Amino acid sequence: MRRRQRPVIPAVLAVASVVALAACGGSSSSSSSASSGASSSSASSGKSGGTITQVFGTAPDSLDPGDGYTTQALEPDQVAYVPLVAYQHATGAAGGTLIPGLATALPKISADGKTYAMTLRSGLKFSNGQPVKASDFTYAVERSLKIPWGGSSFITANVEGASAYAAGKAKTISGITANDATGQITIKLTAPYGAFSNVLAFPAFAPVPAGTPMKNMPASPPPGVGPYKIVNVVPNVSYSVVKNQYWTPVPGIPSGNVNQINAKIASNTTSNALSVLNNSADVFDFADTVPPSVLPQVTSQASDRYSKVVFPSTYYFFLNSKTKPFSSQLAREAVVVGLDRNALARLGSGFFVPGCYLLPPPMIGHATKPCPYGDPATPNLAKAKQLVQQSGMAGTPITVWGEERSPRRQFVDYYTSFLNQIGFKASEKIIADATYFATIGNLKLNAQTGFADWNQDFPNPIDFYGILAAGDAILPTNNQNFGQINDPFINSKTNSLGSLYKAPSDQLSAYAGQWEALDYYTAQKAYFAVFGYASFPKFTSNRIDYGSAVLHQVYGWDWLTLKQK
Amino acid sequence: MLRFTIRRLIAAAGVLVVISILTFMIFQIIPNGDPAIRIAGRTANQAEIAQVRHEWGFDRPVYVQYVKTMGKIFTGTVVSYSQGVNVLDSIRQGLPATLSLAIGAGIIWLGLGILFGVITAVKAGRFTDRALTVLAFIGVSSPPFFLGALAIYYAGYKAGIIPLAGYVPLTQNPAQWFTHLIAPWLVLSVLFIGIYSRVLRSTILDTVHEDYVRTARAKGLSDRQVLVRHTLRNSLIPIVSLWGLDFAQVIGGGAILTESVFSLHGVGQFAADSIQRLDVPPVMVVTMLTAFFVVLLGAVVDIIYALLDPRIRLSA
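Everything numeric here is computed off the predicted structure, so don't read it as measured data. (Residues numbered from 1 in each chain as written. Chains lettered and ligands numbered in written order. Predicted model: local features only at pLDDT ≥ 70, side-chain atom pairs only at ≥ 80, totals over all residues.)

Let's shift gears to the overall build of chain B. Broken down by element type, chain B carries 13 helices and zero strands. Dimensions of chain B along its principal axes, counting C-alpha atoms only, are 85 × 55 × 35 Å. Across the 316 residues that make up chain B, the buried fraction comes to 45%. Within chain B, contacts between residues separated by at least 24 positions form 71% of all contacts whose residues are at least 6 apart in sequence. (Helix = DSSP H or I, 4+ residues; strand = E, 2+ residues; numbered from the N terminus. Buried ≥ 20, exposed ≤ 12 C-beta atoms within 10 Å, placed from the backbone. Contact = placed C-beta atoms within 7 Å.)

This is the structure in structure tokens:
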């Protein structure tokens, strides 16, 4: 799960801003609509060159691609470290389409789905002028395992010999072979994994020069191959990306329009939003929330350069299907039927779209049928109370788990009060953000219910089902299947759809119907109390060509599409 | 003086050791505070977590981990668990902003605190006293994040007379340095001005009844001379004591909210980020830094005591 980090003291600052600026807002009548659908990045009249500034509420976890895992890291890394496979630079669902990156073509997959073969483009150079070799890919993968990168399990769980290498039992990853003379790269998997091409698209696996230290280098990221290179890094404060003079254009990957992008990290998102509003900065980071105190002014004064974009992330309350009361399907249905998703959306400052399915839009497989228990935006409290009585679980004590940061704590406050309202005896337990998922992911705790979310790692439904709902994903620690769902139908469909090696992500749409059916089944069984999908702000200064700027479903702000008017 | 310095140095070392042990132990007993789990990522399996635990040394006894961490702190090689950046480099990078904030604000709150304290004491019971008392209470009741938000919106966004956020080093552009800091200075000072003026007012009002003040008046000194040379000088002792502690705390990262509101990237903001991530090494270093400054400023305050009141001896 790609993390969207938030500023450290958002609650305090947000409250302060609300209180302090309550009387300052303009009209809120003009609200921007959520953008949806797919449209390619349009060619427009913007100019090339110049320097722009993006403000971030949170620093990247690391600018080194071998360690960076948050969206704040991915935005610069995707322009400085192009992997063998990349995503189309387009908005909406089209942005999930895989294209060849540094490889000459998408991976050629063997008949048994276990061997991926690619050829590195010739003539590529790193940003330090050094020629790129096929073995630099192997080195990058090994380096990411040694650091280790937050998503290393995508490799260790799938590539032959990767676990042994990570554990120090082998000197190299036996499943990866690279021929520097021909540029050929072959990867052998332990079992077919349909989303493996998506895994190859992480910047963590973009080539870095062999010999780069096998440690995280956040202050001086290694040379990479991309239209830009990262320079002037002051950790947690600022950095810049400038044009890479050694970049060789690759079809499908724009070479970037502006000469330089300055990234400034400032924890006060109110001042960040005001900076973009008054055009002293150019781009507001999409992973930050426009504070409610400033939102009315943004929507009224900058309606032509502000909109909300739904991203593939699902917010839900997990329901432990192995423990009372949610071992009863009726009890689970009661939650799904009675949950007031509009109230939750309000708590999220309007940045939530109510929903009931685990797979979020615009991901392939997101069910389009009406929700099995009625309109998610219309809660039925009476029915929920009735279902609790029918389930025989009325009065069951429930501990509701939640984390501190806003608005997640507020979600849990509402949810706890809702559970009490429909007949349970709920009390909440709020713990620190840094330890929350490790705590509820410890199977010994056997958490009954609580807040959870999932942001896609890559646009493939297996990223949700394989981790959140499959029976074999139940782990003693770091478990993400918090509901301990072990449903034979879900297991068999997840297995078969997930290993459809003949249908890697570029052909995924052919199987959309099967994923939709699975998603509908999951909703019907009420395994998750999904309450919505997050939307994120696309907000720029009036110096930016807003139409051509792509807020990409994988990359976040696609810096290669930014240009000045 | 030498004995005083030696005694203070020994005390400082003791305080630093105790603070570092306490900080380290707090992170050891936090439930699920295992840094290996956070470093390995949310989807790491047990083998990967064990690998991280081994490579970072988290599988060793707690005292070994503590000693190793302290060793790295004193050799300057300690890195943050969550970001891998050198902690001392990060503090060195944040210290100019924090020092600029602390020194500027310290001068303002000391100067205005004394000024308002003297005025309210001299005009005790009159309109000026009451007005400044009300202002002092408003200052004490106004948290920095609230005043900061107002300053950013009205002076920054609406009027455009101060930048919205950030810090520019003095060496890079003195004018920009000043304009970026004027609002943080004032916002941070307001609370202290309120407290200091109230404390000084009450101390002055107590001191004016002392025998030596009466004697000074009997000698024929003017009211101003009595106030400045006798009353104020002795009344400043608690103010100096307060200032030393407050200033040390701000230098050691205590102005977390002011630094965060104005995105100054000082030591306080670094500390806040690290605490949020339960990142032990930076938190240890920042708490030790704070303790160091508190001890140091405590010693400076003792010296100033002796200058203000010759009856106080450093060797006592």
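On we go.
Moving on, we come to the sheet that holds strand β7 (residues 176–178) of chain A. All names here are of chain A. With respect to topology, four strands assemble into an open sheet ordered β5-β6-β8-β7, the strand pairing being antiparallel. Only two strands of the sheet have a single partner each, and these edge strands are β5 (108–109) and β7. By the bridge criterion, two bridges tie β5 to strand β6 (residues 115–119) in an arrangement that is antiparallel. Within β6, the residue paired with I109 across the bridge is Y116. Along the sheet, helix α3 (residues 135–146) makes contact with β7 and β8 (184–188), crossing β7 at roughly 150°. (Pairing = 2+ DSSP bridges. Axes fitted to C-alpha atoms, helices over the stretch in contact; angles between N-to-C directions.)

Quick look at the pairing of strand β9 (residues 228–234) of chain A now. The pairing of β9(A) with strand β10 (residues 238–243) of chain A spans five bridges and is antiparallel. Within β10(A), the residue paired with A:I230 across the bridge is A:V241.

Here the residue pair A:I147 and A:P148 is connected by a cis peptide bond, since its omega of -10° sits within 30 degrees of zero. Within the secondary structure, A:P148 is located in the loop between α3 and α4 (153–156). The backbone of A:N232 sits at a positive phi, close to 50°, despite the residue not being glycine. Here A:N232 lies in strand β9. Located in the positive-phi region is B:S263, a residue other than glycine, with phi close to 45°. Its place among the elements puts B:S263 in the loop between α11 (256–261) and α12 (267–276). With 29 C-beta atoms counted inside 10 Å, the residue B:S263 sits in the buried group.

Our focus in this paragraph is the sheet that holds β10(A). All names here are of chain A. Strand order in the open sheet formed by five strands is β9-β10-β11-β2-β12, with mixed pairing between adjacent strands. Both outer strands of the open sheet, β9 and β12 (283–284), are each paired with one neighbouring strand and no more. Against the sheet, helix α2 (residues 71–80) touches β2 (51–56), β9, β10 and β11 (260–265), its axis set at about 135° to β9.

In this section: helix α7 (residues 269–277) of chain A. All names here are of chain A. Counted residue by residue, α7 has nine buried out of nine residues, so it is predominantly covered. Along α7, the residues classified as buried are T269, T270, S271, N272, A273, L274, S275, V276 and L277. Directly beyond the C-terminal end of α7, a positive phi value near 70° is found at N279.

Mean pLDDT over chain B: 86, with 96% of residues reaching 70 or higher. In the model output, the complex is listed with pTM 0.84 alongside ipTM 0.80. (pLDDT = per-residue confidence, 0-100.)

Residue and element names in this part refer to chain A. Covered by surrounding structure in β6 are Y116 and M118 only, the residues T115, A117 and T119 on the alternate face being uncovered. In this structure, the hairpin formed by β5 and β6 is closed by a connection of five residues, where G113 is found at a positive phi of approximately 75°. With five bridges joining them, β6 and β8 adopt antiparallel strand pairing. Paired with A117 across the two strands is T186, which belongs to β8.

Once that is clear, we can look at the interface of chain B and chain A. The partner chain A presents 53 residues to the 46 residues of chain B that form the contact. Those elements that place two or more of their residues in the side of chain B that touches chain A are α2 (35–40), α3 (46–55), α5 (87–122), α7 (144–158), α11 and α12 of chain B. When residues in the side of chain B that touches chain A are grouped by element, the largest group, seven residues, is from α7(B). Here the side of chain B that touches chain A is composed, by residue class, of 23 nonpolar, 18 polar and five charged. (Nonpolar A, V, L, I, M, F, W, Y, C, P; charged D, E, K, R; others polar.)

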